[in-house]
Amino acid sequence: MLIDTPAFIISEATLKTNLNTLAQLRKHAGCKVLYAMKALPCSHVLEMAKSFVDGFSVSSLFEAQLARDVLGKAGEVHLTTPSLIAQELYELTTLCTHINFNSLSHHELYAPIAKTQTQIGLRVNPKLSFLSDNRFDPCRPYSKLGVDIDTLWQSNLLEKKEINGLHFHTVFSAHDFTPLLKTIEKLRRYFGHQLAQLEWINFGGGYLFQYIDNYQPFIDLVTTLRKELKLDIYIEPGNAVVGNAANLVASVIDCFESEGKNIVILDTSVNHHPEVFEYQRILDMDLHDNMGKYAAIIAGGTCLAGDIFGEYRLRQPLHIGDKVTFHNVGAYSLIKAHRFNGHNLPHIYAQTSEGELRLLKHYGYQDYQQQWLMPT
Ligand SMILES: *Cc1c(COP(=O)(O)O)cnc(C)c1O
């Protein structure tokens, strides 16, 4: 089928495989699963996910509203954010079933109001760093994310039964459960029997369940905690739901040499996946071949000199009109995409399990105009 590029293509088969994996884990471990919708809040994904999960986890009022648009009255909505504000609190309590406060000051200010409507949790910073890049590390020094575990211990909030649950989220793209086991061990060492005062613990996201072979350590951990402490365990994966479930297809719009290197300009750009630029991430590309004889700098079409996907090796030179596909771009790409330079957002397609492509949404000048044309 002919597709208009740039195209963001969501694979329904991969999405279902990921959701099934999580549903199996939910069944075997007895944990609850929330989709962290900030990774890709597209309603098509939310609609598909909702029958596999217990609800969605959100980071803002807009996400909570969209979650309810899709869920209706059913299902759980858990909010975790450092950006809670008084003016939004009431509405959030009508949308969310659980609110995790990021600090003791927010807990003190807002828990008395929120607790009549929702479950109250606290995000704890267990101060165990598992990431070398501190831009991603919620346990970095002077972290703004969560209550310092020592401070929480001193506050005595667990003993006083001032919270219903604890939340932590400390890893990013983890391929095994070691960080989780160490974190729980530390929480147990600090709080011991006080954990049994809680109704739930939320392990956050950050684990790439689709790439983990052995779930047994996770299943054993959850089973033990549920049995010994009589509480519910939540996980809230984002990347593990959508990360490998979308591709970005682009067309080559120019090819030329610059000081002896081949430059290939695409009709997409880092506008459509800002983390490529922000974190200098190299995406998997279908035509890349380590043994390829040709090298080309694959670049986006904006005015930014660093709007480059990277230098890839190819078997054959590319030509205007050729297509390239970047894989595994489901998470944190489209949601961060913008229209810098007046470039349109990608067309969004779903690829059905039968392989058919269906256009879900396309944007046009009207959308750009609506954003930037101010009332006179
Ligand atoms: C981002 C985030 C998630 C989801 O993380 P993934 O790496 O996409 O699994 C879950 N919980 C919280 C609090 C987050 O900030």
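Everything below is about the structure printed above this text.
Overview of the structure. (Residues numbered from 1 in each chain as written. Predicted model: local features only at pLDDT ≥ 70, side-chain atom pairs only at ≥ 80, totals over all residues. Heavy atoms only, no water.)

**Concerning the overall build of the protein**
Scanning the protein for helices and strands turns up 11 helices and 17 strands. Radius of gyration (C-alpha) of the protein: 23 Å, near the 21 Å computed for a compact globule of 376 residues. Overall size of the protein, expressed as C-alpha extent along the three principal axes, is 70 × 55 × 45 Å. In the protein, which comprises 376 residues, the proportion classed as buried is 51%. By sequence separation, contacts in the protein at least 24 residues apart represent 67% of the contacts at least 6 residues apart. Only carbon and sulfur atoms are counted for the fraction: they give 51% of the accessible area of the protein, which is about 18,200 Å². Here the protein contributes 33 positive and 39 negative side-chain charges, whose respective centroids are spaced 6 Å apart. (Helix = DSSP H or I, 4+ residues; strand = E, 2+ residues; numbered from the N terminus. Rg over C-alpha atoms; globule rule 2.2 N^0.38 Å. Buried < 20%, exposed > 50% of the residue type's maximum accessible area, 1.4 Å probe, protein only. Contact = heavy atoms within 4.5 Å. Areas by Shrake-Rupley, 256 points an atom, 1.4 Å probe, with all protein chains shown as cover. Lys, Arg positive; Asp, Glu negative; His and termini not counted. Charge placed at Lys NZ, Arg CZ, Asp CG, Glu CD.)

**Brief notes about the pattern of salt bridges**
Close approach of charged atoms allows side chains of opposite charge to pair. Evaluation of the coordinates by the stated rule reveals 12 salt bridges. Across the pair Arg281 and Glu275 runs a salt bridge, and its minimum N-O distance is 2.3 Å. Assessed through its relative accessible area of 6%, Glu275 is described here as buried. The closest approach of N and O atoms between Lys336 and Glu278, which form a salt bridge, is 3.6 Å. Taken together, the residues Lys336 in the loop between β15 (323-326) and β16 (347-351) and Glu278 in helix α10 (residues 274-278) connect sequence positions 58 residues apart. Given a relative accessible area of 37%, Glu278 falls into the partly exposed group. Residues joined in a network through salt bridges with shared partners are Glu275, Glu278, Arg281 and Lys336. (Salt bridge = Lys/Arg side-chain N within 4 Å of Asp/Glu carboxyl O.)

**Observations regarding a nonpolar patch on the surface**
A cluster of nonpolar side chains, namely Phe277, Leu304 and Phe340, defines an oily patch on the protein surface of about 250 Å² accessible area. The residue Leu304 is located in the loop between β13 (294-299) and β14 (308-314) in this model. (Patch = residues over 30% accessible without salt bridge, like charges linked within 9 Å, V, L, I, M, F, W, Y side chains within 5 Å.)

**Observations regarding the packing of helix α1 (residues 12-29) against helix α8 (residues 216-229)**
A pair of packed helices is characterised by two quantities: the angle between their axes and the separation of those axes. The N-to-C vectors of α1 and α8 enclose an angle of 45°; their axes lie 9 Å apart at closest approach. Here α1 lies oblique to α8, going by the angle between them. Regarding α1 and α8, the two cross each other, and that crossing is right-handed. Where α1 abuts α8, its residues Leu25, His28 and Ala29 lie against Phe218, Ile219, Val222, Thr223 and Arg226. (Axes fitted to C-alpha atoms, helices over the stretch in contact; angles between N-to-C directions. Parallel < 35°, antiparallel > 145°, perpendicular 65-115°, else oblique. Left-handed = near helix turned anticlockwise from the far one by under 90°.)

**Focus: the pairing of β16**
With respect to burial, β16 is a largely interior element, four of its five residues being buried. Sheet topology note: the strand β1 (residues 7-11)/β16 ladder contains five bridges and is parallel. Note on β16: the bridge partner recorded for Phe8 is Ile348. As defined by bridge partners, β16 adjoins strand β17 (residues 357-361) across four bridges and the pair is classed as antiparallel. (Pairing = 2+ DSSP bridges.)

**Section: helix α3 (residues 61-71)**
Every buried residue of α3 is accounted for by Leu61, Glu63, Ala64, Ala67, Arg68, Val70 and Leu71. Each element contacted by the buried residues of α3 is listed here: α2 (43-49), β3 (55-58), β4 (76-80) and α4 (86-95).

**Description of the nonpolar core**
Counting 103 residues, the largest nonpolar core has Tyr35, Phe56, Leu166, Phe203, Phe218, Ile298 and Phe326 as its most contacted members. Looking at this core, the element that brings in the most residues is α8, giving six residues. Once residues within four sequence positions are removed from consideration, Phe218 is found in contact with Leu25, Ala29, Cys31, Phe177, Leu180, Phe203, Phe209 and Ile235. With six residues, the next largest nonpolar core counts Ala7, Ile9, Val249 and Tyr349 among its residues. (Core = buried A, V, L, I, M, F, W, Y, C linked by side-chain atoms within 4.5 Å.)

**Quick word on the packing of helix α7 (residues 178-191) against α8**
It is the contact of α7 with α8, at a shortest axis distance of 11 Å, that shows an interaxial angle of 20°. Viewed along their axes, α7 and α8 adopt a mutual orientation that is roughly parallel. Where α7 crosses over α8, the handedness of that crossing is left-handed. Facing Leu180, Leu181, Ile184 and Arg188 of α7, the residues of α8 in contact are Pro217, Phe218, Leu221, Thr224, Leu225, Glu228 and Leu229. Of the residues that constitute the contact of α7 with α8, the class distribution is eight nonpolar, one polar and two charged. (Nonpolar A, V, L, I, M, F, W, Y, C, P; charged D, E, K, R; others polar.)

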